[in-house]
Structures are given as structure tokens and as C-alpha cells.
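Read off the chains here:
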Amino acid sequence: MAEPPEDEIAALRGLDPIDPASLPSADEPEAHALFERITMSDTMTEPAAAKPRRRGLWIGAAAAVAVLAIGGGVYFATDDDDGDQPVAADDTTPETTDDTVGLDPSLGMCIAYDLETLASNQFAFDGTVTAVEGDDITFDVNEWYKGGDADSATYGGASGFGGLTSESASFTLEPGMRLLVTGNDGFVWSCGYTQPYDEAVAAEWAGVFA
Amino acid sequence: MAQDGGVDERRARFRALFDESYQPLLAYARRRCTPADADDLAAEVLTVAWRRLDDVPHDAALPWLFGVAHLILANQRRSTRRRLALVERLEREPSPAAPDGDPVLLDALARLSADDQEDLRLAAWEQLRASEIAVVLGCSGNAAALRLSRARERLRNAVTEIAPSRTEADRKDNDG
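Being a predicted model, the structure only gives us computed values, none of them experimental. (Residues numbered from 1 in each chain as written. Chains lettered and ligands numbered in written order. Predicted model: local features only at pLDDT ≥ 70, side-chain atom pairs only at ≥ 80, totals over all residues. Heavy atoms only, no water.)

Enquirer: I'd like to hear about the overall build of chain A, residue by residue, with values.
Expert: Looking only at helices and strands, one finds five helices and eight strands in chain A. Within the span of chain A, comprising 210 residues, buried residues form 48% of the whole. For chain A, contacts bridging at least 24 residues in sequence account for 52% of all contacts bridging at least 6. A total of about 9500 Å² of accessible surface is found on chain A, and carbon and sulfur atoms cover 49% of it. (Helix = DSSP H or I, 4+ residues; strand = E, 2+ residues; numbered from the N terminus. Buried < 20%, exposed > 50% of the residue type's maximum accessible area, 1.4 Å probe, protein only. Contact = heavy atoms within 4.5 Å. Areas by Shrake-Rupley, 256 points an atom, 1.4 Å probe, with all protein chains shown as cover.)

In C-alpha cells, the structure reads:
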């Protein structure tokens, strides 16, 4: 019988498919270009500053809007908006030649899902959609993690769902759908934060807000 | 988010972080993605770091960046799983390995859970300590050490299980 390696970690290094030294360094032109693209982008990502996205702002006027990424929320501002607003949808937005594979093309417009950001949100709960009226979503709350204790709750943000800007929120809200819901300032976040109920994710959320 | 210091100072801080992390971050990404996606992932992580520069821990910047990458990939996989037509294609954890590596060890690694594999990859390929793995995974140092210890044990067991059958198969091949 073969003996397992005495030091598994050292043995596993032999399986490493990548030699970091063979990769482009930060001195390479492509790295310089990336650095410049990133640092030319704005740094404002405060989730609490998110504004509701209003469907009417962008339908039929996609070319005229600037997409602003504010935390997990997304909102659109016309060219007439204040010029000092950040534009975060820049060249770093991942591109895929096959829209069914690869990184979410919308990632550049949404802050990546992370538990630290989630923990800072004002409300979070496990809820079942009972009604969607205009931009308002009403839930029966199965369990609050943060920000409330009522049996039902209504928030704005329905227009953030539907797959128009984020694959992470590509599901359509329908009564009866059980979701893990989070958001700020009275609006549900899309962009992968609010998501269909999953037992493992629910446990993770419970831990985050414990 | 409050920004410490001026634009130049901020840019200088990011420059240092960028220089330190670009190559290892690219390596992390290419170990887990196709090359094209890996470049996108590295860019995305660095963009997050630029926007959240004040949150990057000075003493664990690289594990923090790996943690952001880990979450982006997890988020992406979660999203992808919802797309039924793609399940089979992307449910496959990207688990590339050196083609000339120990086949028994490679087979044993592939038999472990995705979490075990990731713990071991972080320790072996990114060469992180348990306390740094904890930063990546967002858990306590003790939890990371325990996870890693158990993953190592399961790897040992998998090697022990595989090796006899592999030896027997090789012997039959040679006899044939």
C-alpha cells in the first residue's frame, strides 16, 4: 500500500499549474494600463448612498444614461445629472465573448457580493413575495436577520430585478417566491445580494447578522 | 466612504498595493479560471481594492484580495447555477493542475469537496498560513486551521484509498 505524503501541502505544490514568475508583472504595459484605468475611476461606492433605480429613466434612452454603481444597488443618471457623480462602469467590466460563461458582465456595475458589505446593510430577512406593485415589493417575513420584526414588509426596488442589468438579479419577482432579502434606505438591493432562498446561504446570513 | 489622505497619497498607496499584489493575484485567478476570465477577475478585484482602499488591511492585504476574488467567484457560481443550461459546464470546479504532477495525489485532490480543495490550494499554491486563509474565507483563524487540518487528513485518506487500486491497475496494464 502506498504511503500518503508526509507533507501534503509540500506535495501539492508539485501540482501547481501556475508558475507566478512566468506571469506578467506589475511593470508590464498591460498592468500599467490596468492601473491607469482603475485609478481613473471614481472611488465612491458608499452603499447607503444608493438611490432607487427608476425604470422610466432608462427605457428607450440607454445611450443617454450613465450607469452609476453604488454598492449593491444600481442607479442611472442622465447626462444632465451632476457632473461630479462617479461613473463606475468602466473598462474593467469583465467582458465575455460567450454570455453564458465567465464572469458576470455586470460585475463592474455592482459591488461584488461580500459578507462585510452585507453585514452593513440596514435590513435583511428571509421572506416570501406576496405582491409586486410598481416598484414596491411586499413580503411575508419568515425570519428577520436585521432591521425589523414585523410579519410583513414592503420595500421599493422591484425594477432592479429582471435581468436587464445584472445576471445576478436575472430572476423575475413573482408572488410566492421565497427570497433572502437585503437592502438599504427602503430599497431592496439586487446585484446578487437579494437572491432566491437557499438553506446554506440563509445559514450564512444568520451568522453574518448574529 | 471616507477617504484618507489626498488623491496623490491614495494613488501612491494603491500603487504599492498594486505592485505587490498584481502577479500573485493573477496567479490566484489563473489557477481557478480560464485565462480570459482570470484577467477579468484580477481586474475586478483590484477595482474593488481601489474603491475600498481604506478597508484593505495593511497586514493582510493579499489574503484580503484573495478573499474578494473568492467571493466574486462564489457569487458568480451561485448566479451561474441558476442558469440551467449551463449547470453541467460550470458546476465543474475549475481545478487545473500541473500535467506532470503526481497522478495519485491529483486524483485524491479531485475526490475532495470543493471546500477542502480550496483550503489545500490556498495553503499549497498561494502558500498562505491558516490565519491568512481565515482572511480569505472570512472565518476565524481557529476555524481555518481546523478546516485545513481536516482537509489534509481527508487528502491523506484519499491517497491511501487510491494508491492500491492504482497500483493494481498499473500492474494489469503492464501484464496485458
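Enquirer: Account for the overall build of chain B, naming residues and giving values.
Expert: Check the secondary structure of chain B and you find eight helices and zero strands. Overall, chain B shows an N-to-C arrangement of helices and strands of α-α-α-α-α-α-α-α. Here chain B, with 176 residues, has 47% of them falling under the buried criterion. Put simply, chain B shows about 8300 Å² of open surface, and 50% of that area lies on carbon and sulfur atoms.

Enquirer: Residues and numbers for unusual backbone geometry, please.
Expert: Excluding glycine, most residues fall at negative phi; most peptide bonds, likewise, are trans. Residues and elements named next belong to chain B. One non-glycine residue, Gln127, lies in positive phi territory at about 55 degrees. Position of Gln127 relative to the elements: it lies in the loop between α6 (114-124) and α7 (130-137). On the accessibility criterion, Gln127 (53% relative accessible area) is exposed.

Enquirer: Kindly report on the confidence of the model for chain A, identifying the contributing residues and their values.
Expert: When pLDDT is averaged along chain A, the result is 66; 58% of the residues meet or exceed 70. Here residues 163-168 of chain A is a poorly scored stretch, pLDDT under 50, and it has 23 contacts once near neighbours within four places are set aside; other chains count. (pLDDT = per-residue confidence, 0-100.)

Enquirer: Residue-level account of the confidence of the model for chain B, with values.
Expert: All names here are of chain B. Looking at chain B as a whole, the pLDDT averages 82, with 77% of positions reaching at least 70. This model gives residues 90-94 a pLDDT under 50, and the stretch forms twelve contacts once residues within four places in sequence are excluded. Complex prediction metrics read pTM 0.53 and ipTM 0.78.

Enquirer: How would you summarise the pattern of salt bridges if you had to cite specific residues and measurements?
Expert: Overall, the coordinates contain 21 salt bridges over all chains when judged by the stated rule. Ionic pairing is found between Arg13 of chain B and Asp54 of chain B, a salt bridge with its closest N-O pair at 3.4 Å. Here Asp54 of chain B lies in the loop between α2 (35-51) and α3 (61-81) and Arg13 of chain B lies in helix α1 (residues 7-30), a separation of 41 residues in the sequence. The class of Asp54 of chain B is partly exposed, set by a relative accessible area of 23%. The salt bridge involving Asp19 of chain B is made with Arg15 of chain B; its shortest N-O contact spans 2.8 Å. Of this pair, Asp19 of chain B and Arg15 of chain B both sit in helix α1, four residues apart, which is roughly one turn of that helix. Residue Asp19 of chain B is classed as partly exposed on the basis of its relative accessible area, which comes to 38%. In this structure, a network of salt bridges that share partners links the residues Asp16 of chain A together with Arg31, Arg32, Glu118, Arg121 and Glu126 of chain B. (Salt bridge = Lys/Arg side-chain N within 4 Å of Asp/Glu carboxyl O.)

Enquirer: Talk me through the packing of aromatic side chains; I want residue IDs and the actual numbers.
Expert: Both the distance between ring centres and the angle between the ring planes are used here to describe each pair of aromatic rings. This model, assessed by the stated rule, comprises 14 aromatic pairs over all chains. An angle of 25 degrees between the planes, with centres 6.0 Å apart, marks the rings of Phe125 of chain A and Tyr155 of chain A as stacked. You can see Phe125 of chain A sitting in strand β3 (residues 123-133) and its partner Tyr155 of chain A sitting in strand β5 (residues 152-156), a full 30 residues away along the chain. For Phe125 of chain A, a relative accessible area of 0% puts it in the buried group. Among the residues examined, Tyr155 of chain A registers a relative accessible area of 12% and is labelled buried. Arranged with centres 5.1 Å apart and planes meeting at 90 degrees, the rings of Trp189 of chain A and Tyr193 of chain A form a pair that is edge-to-face. On the accessibility criterion, Trp189 of chain A (2% relative accessible area) is buried. Take Tyr193 of chain A: its relative accessible area is 0%, and that puts it in the buried class. An aromatic cluster is built from Phe35 of chain A together with Phe14, Phe18, Tyr22 and Trp50 of chain B, whose rings are joined through pairwise contacts. When the ring centre of Phe35 of chain A is taken as reference, the NZ or CZ atom of Arg15 of chain B above it lies at 4.0 Å. Its guanidinium or amino end placed over the ring of Tyr28 of chain B, Arg32 of chain B lies 3.9 Å from that ring's centre, counting from NZ or CZ. (Phe/Tyr/Trp six-rings, centres within 6.5 Å; stacked < 30°, edge-to-face > 60°. Lys NZ or Arg CZ within 6 Å of the ring centre and 35° of its normal.)

Enquirer: Please set out helix α5 (residues 199-208) of chain A residue by residue, giving values where relevant.
Expert: All names here are of chain A. Three or more residues of α5 are buried, namely Val201, Ala202 and Trp205. Take α5 and look down its axis: the buried residues cluster within an arc of 100 degrees, on one side only. Across from the buried face of α5, at angles greater than 90 degrees, the exposed residues are Glu199, Ala200 and Ala203. The N-capping residue of α5, defined by a side-chain oxygen 3.0 Å from the backbone nitrogen of Ala200, is Asp198. (Arc of directions from axis to C-beta. Polar contact = N/O pair within 3.5 Å; in protein donor to acceptor, adjacent residues only side chain to side chain.)

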